[in-house]
Amino acid sequence: MSRHRIVRTMDYNDEYDGYDDVYGHSVEDEHCISPTDAQQWLYDRARGQQSISAFISKNKDIQEEEAEDEDEDAAFEKARRDSESFQRPQLDEIEQAKLSSCVDEVRSVVGDAVSERRIVETSMKFDYDMAKILDEILNEETQKKPPSKRVPSTPLTAPPPVLAAKSSNKTTPTPAKINLKEPRRGFEIASPKVPSSPVVSGRNTPVDITGDDLNRTPASLFKVSKDQAQRNARQLYEKERADQKSHIHMIVIGHVDAGKSTLMGHLLFDTGNVSQRVMHKHEQESKKMGKQSFMYAWVLDETGEERARGITMDVGQSRIETKTKIVTLLDAPGHKDFIPNMISGATQADVALLVVDATRGEFESGFELGGQTREHAILVRSLGVNQLGVVINKLDTVGWSQERFSEIVTKLRSFLKQAGFKESDVSFTPCSGLTGENLTKNAQEAALTSWYSGPHLLDVIENFKIPERAIDRPLRMSVSDIYKGTGSGFCISGRVETGVLCVNDRVLVGPSREQAQVKSVFMDDFPQTSVFAGDQVSVTLAGVDINNVTVGCIISDPQTPIPVTTRFQARIIVFNVKVPITMGFPVLLHHQSLIEPAVVCKLTASIHKSTGEVVKKKPRCLGNNSCALVELETSRPICIERYADFKELGRVMLRVAGVTIAAGMVTKIR
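For clarity, every value in this text was computed on a predicted model and none was experimentally measured. Counting of residues starts from 1 at the beginning of each chain's written sequence and follows it residue by residue. In keeping with the predicted nature of the model, local features appear solely for residues at pLDDT of at least 70, side-chain atom pairs appear and are counted solely at 80 or more, and the whole-chain, interface and lining totals rest on all residues. Note: side-chain values were computed over all heavy atoms of the structure, leaving out hydrogens and water.

(A) Molecular detail of unusual backbone geometry. Phi is positive for Tyr128, close to 60°, though the residue is something other than glycine. Residue classification places Tyr128 among the buried positions, given a relative accessible area of 14%. Phi at Lys394 takes a positive value of approximately 55°, unusual for a residue other than glycine. Tracing the sequence through the fold places Lys394 in the loop between strand E5 (387-393) and helix H19 (402-419). Per-residue accessibility, obtained with a 1.4 Å probe over protein chains only, is compared with the maximum for each type, and a residue is labelled buried under 20%, exposed over 50%, and partly exposed between these values. Numbering of helices and strands runs from the N terminus, with a helix taken as a DSSP run of H or I at least four residues long and a strand as a DSSP run of E at least two residues long.

(B) Summary view of the pattern of salt bridges. Here a salt bridge means any side-chain nitrogen of Lys or Arg lying within 4 Å of a carboxyl oxygen belonging to Asp or Glu. Evaluated as defined, the whole model comprises 19 salt bridges. Glu136 is the salt-bridge partner of Arg118, the closest N and O atoms lying 3.4 Å from each other. One end of the pair, Arg118, is in helix H6 (residues 116-125); the other, Glu136, is in helix H7 (residues 130-144), with 18 residues separating them in the sequence. Assessed through its relative accessible area of 23%, Arg118 is described here as partly exposed. Two residues, Arg404 and Glu407, come together in a salt bridge whose shortest N-O distance is 3.5 Å. Note that Arg404 and Glu407 are positioned in helix H19 at a spacing of three residues, about one turn of the helix. A residue is classified by how much of its surface remains accessible, and Arg404, at 1% relative accessible area, is buried. Look at the salt bridges and you will find they share partners, linking Arg360, Glu364, Arg404, Glu407 and Lys411 into a network.

(C) Region of interest: the sheet that holds strand E3 (residues 325-331). Note on pairing: two strands pair once DSSP finds at least 2 bridges between them. In space, the six strands of this open sheet follow the order E2-E3-E1-E4-E5-E6, with mixed pairing throughout. Looking at strand neighbours, the two that pair on one side only are strand E2 (316-321) and strand E6 (426-430), the edges of this open sheet. For this sheet the average axis-to-axis angle between neighbouring strands, irrespective of direction, equals 25°. Relative to E5, strand E4 (residues 351-357) is paired through seven bridges, and the arrangement is parallel. Bridge assignment links Val355 to a residue of E5, and that residue is Val391. Geometry is summarised by axes, namely lines fitted to C-alpha atoms with helices restricted to the contacting stretch, and by angles between N-to-C directions that run from 0 to 180 degrees.

(D) Here's a closer look at the packing of helix H5 (residues 93-110) against H6. Contact pair H5 / H6: the axes reach a minimum separation of 10 Å and the direction vectors enclose 125°. It follows that H5 is oblique to H6 by the angle criterion. You can see that H5 and H6 cross each other, and the crossing is right-handed. Along the contact surface, H5 presents Leu99, Cys102, Val103, Val106 and Arg107, while H6 presents Glu116, Ile119, Val120 and Ser123. In this count, Pro and Cys sit with the nonpolar residues alongside Ala, Val, Leu, Ile, Met, Phe, Trp and Tyr, while Asp, Glu, Lys and Arg are called charged and the others, Gly among them, polar. For the contact of H5 with H6, a count of residues per class yields six nonpolar, one polar and two charged. What sets the label is the angle itself: under 35 degrees gives roughly parallel, over 145 gives roughly antiparallel, 65 to 115 gives roughly perpendicular, and the rest give oblique. In a left-handed crossing the near helix is turned counterclockwise from the far helix by less than a right angle, and in a right-handed crossing that turn is clockwise. It only takes one pair of heavy atoms within 4.5 Å for two residues to be counted as in contact.

(E) Structural context of H19. For H19, which comprises 18 residues, the first-to-last C-alpha distance of 25 Å matches the rise-based estimate of 26 Å (1.5 Å per residue) to within 8%. Within H19 the residues assigned to the buried category are Arg404, Phe405, Ile408, Val409, Leu412, Phe415 and Leu416. The arc that holds every buried residue of H19, seen down its axis, measures 145°, which confines them to one face. Facing away from the buried side of H19, by more than 90 degrees, are the exposed residues Glu403, Thr410, Lys417 and Gln418. Buried positions along H19 lie against E4, helix H17 (362-367), helix H18 (372-382), E5 and E6. Backbone geometry just downstream of H19 places Gly420 in the positive-phi region, at approximately 115°. Helix span, expected: 1.5 Å multiplied by one less than the number of residues in the helix. Our arc is simply the arc of the directions from the helix axis toward the C-beta atoms.

(F) Representation of the packing of aromatic side chains within the structure. Pairing of aromatic rings covers Phe, Tyr and the six-membered ring of Trp, with a centre-to-centre limit of 6.5 Å; geometry is then stacked below 30 degrees between planes, edge-to-face above 60, and tilted otherwise. Evaluation of the coordinates by the stated rule reveals four aromatic pairs. Considering the side-chain rings of Phe367 and Phe415, the 5.5 Å spacing of their centres and the 90° angle between planes classify their relative orientation as edge-to-face. Here Phe367 is found in helix H17, whereas its partner Phe415 is found in helix H19, with 48 residues between them in sequence. Across the pair, Phe415 and Phe367 agree in class, each one buried. Measuring from ring centre to ring centre gives 6.1 Å for Trp451 and Tyr452, while their planes differ by 70°; the resulting arrangement is edge-to-face. For the pair formed by Trp451 and Tyr452, the shared burial category is buried. The rings of Phe363, Phe367 and Phe415 are connected pair by pair, giving a single aromatic cluster. Looking at Arg374, its charged tip hangs above the ring of Phe367, at a distance of 4.6 Å from the centre. Above the ring of Phe421, the side-chain terminus of Arg381 is found at 5.9 Å from the ring centroid. Criterion for a charge above a ring: Arg CZ or Lys NZ at most 6 Å from the ring centre, at most 35 degrees from the ring normal.

(G) Broad picture of the nonpolar core. Val390 and Ile392 are the most contacted members of the largest nonpolar core, which has 42 residues in total. The set of elements that each furnish at least two residues to this core consists of strand E1 (246-254), helix H16 (339-346), E4, H17, H18, E5, H19 and E6. Examining the composition of this core, we find that six residues originate from one element, H19, more than from any other. In this structure, Val390 is in contact with Leu354, Leu412, Leu416, Val426, Ser427, Phe428 and Thr429, ignoring residues within four places of it in sequence. By size, the runner-up hydrophobic cluster in this structure holds 29 residues, among which are Leu263, Met295, Val299 and Leu439. Take the buried residues of types Ala, Val, Leu, Ile, Met, Phe, Trp, Tyr and Cys, join any two whose side-chain atoms come within 4.5 Å, and each joined set is a nonpolar core.

(H) Looking closely at the environment of Val577. One can find Val577 in the loop between strand E16 (564-574) and strand E17 (585-591). Note: C-alpha distance between Val577 and Ile661 (84 residues apart in sequence) is 5.9 Å. Residues in contact with Val577, not counting those within four places in the same chain, are Gly623, Asn624 and Ile661.

(I) Expanded view of the packing of H18 against H19. Where H18 contacts H19, the two axes come as close as 10 Å, and the packing angle between them is 35°. The way H18 lies across H19 gives a crossing that is right-handed. Touching Thr373, Arg374, Ala377, Ile378 and Arg381 of H18 are Leu412, Phe415, Leu416 and Ala419, all from H19.

(J) Examining the pairing of strand E18 (residues 594-607) more closely. Here seven bridges tie E17 to E18, and the two strands are oriented antiparallel to one another. What sits directly across from His590, in E18, is Ile595. The hairpin formed by E17 and E18 contains two residues between the paired strands, and Gln592 there has a positive phi angle of roughly 55°. Of the pairings in the sheet, the one linking E18 to strand E20 (residues 627-639) comprises seven bridges and is antiparallel in character. Bridged to Leu603 within E20 is Val630.

In structure tokens form, the structure reads like this:
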């Protein structure tokens, strides 16, 4: 085209030759569209189904909705503002601690529905008596709630007998039907039906429950058998486990090269759990590699890489029997590169053995800052382990010196007290894992018996107390491993945290809440019909895709499914951090066997470690040894519980660049 054109004499057909989409030209000139597209995209005044006039003409008697919800929201907003603007009265330290304790306990019962002003005034009125405070607040809340609207139950007049109707000339009117359903207000938009479970619908896609579905009863979403719904877990436990020994899980922790695997391997050999033939084989193979001192460690270090490198990399598992207990041994790795594996094992443990190396220089390197002796002890205490047996190993290298033993005990006792262990729950035992001294028999070495007359290691394990099992609670099982079984379906292994699990039960798997059926249950390679809280089991599942099950997900009861969220509030204790924790701080969240990237999205408040009192609201950063309320957000939905509801599933650990920076408990799920 030329720059200057004579527009009046232009032939537009020639100008736009070859162009299909010319602005201003109708598509009906040269092309057509299908009737379906025309019905979907082109406006037709004759249809008129979407117009408001057509809707009003068909629905004349529309009752307006009442504004009850708005009043409740307004009342909640007022109570929230009242709590935020309220300033607590000035009291002395003792009274302030009592008041903070009362407020926390009341909050755990009533939640955020009651303002802080109301709780504080009631607490001071009844002189911090919890029973009276809760009675007063709960009674007042009950009186505030409007009575639920029910249609008055009109007594239906029974129709007169047939003979009486014949004799009388008057016709008896038929009583009208009474509609007990609440009248529908407004109009209902057609909403999609609740998706059924994959087992019912014949598909393997996860069930996405959002919105109003979360407020419905789980029984309406997932169906279980009558036997599963009405099962009495306590009676079943007493029937099946009354004559059996109690079960306990014990993790062995400590610095790398402290002798944990050798100690446990020798203990297994002395208790008869490892045959002489297997032990001779390990001895010959370790001699060929020039590592004869590792012969006992090879009982638990089974992979070629672990044996070649001479360190434990994954949590080894075995079991021993004492007079009154069945003990599952969990041999944790001591190297700092494998701390995630150690955390995964510690979440399954009830008690712990802390192994330290008595050799001069070795204990100091493990105990000083950066050593795993200190970090492992803090980790197991943060994960709920209360009982600790300290094993002072390799004491034969210092000639069974009492001075060296006393020096180590003094340092560890003060540290463990600061970490939160009670002195009555901590014991100290000298021994040698390589020679087997003081393991299963009383000490025979003259240099040791001259000053030590306490129990041997097997007695220490025997004296551990059995923790209370939450058998009556809904089922929760954490998945630590997934593998393909020999038959149909696939197997998962993990620990039953709470509740009971039986063969043919229906369960929900992970955050997708996909429904599966339990085909078989094994514990210690023996088939079981039912397993209980505290058991380490392998379960074969059917009706679920293996790709939808991951390590770290939780198996839960369909009647009370586990909450699924991407954001929650936690009360954390910060350890030694190089960089202060600020808003937007990226971390690795450890929950049971789950490792999930997360972000600290909000710093709610700094709180006092012992009293729980709010020191500062919305701090800018968190430094070393501080305690705070923070909100964490994950990139994917995870299964998690509040610490107040399920202690076993309410603990989290935060790690950055291979260092544990904080531990905490979940206080609120968003």
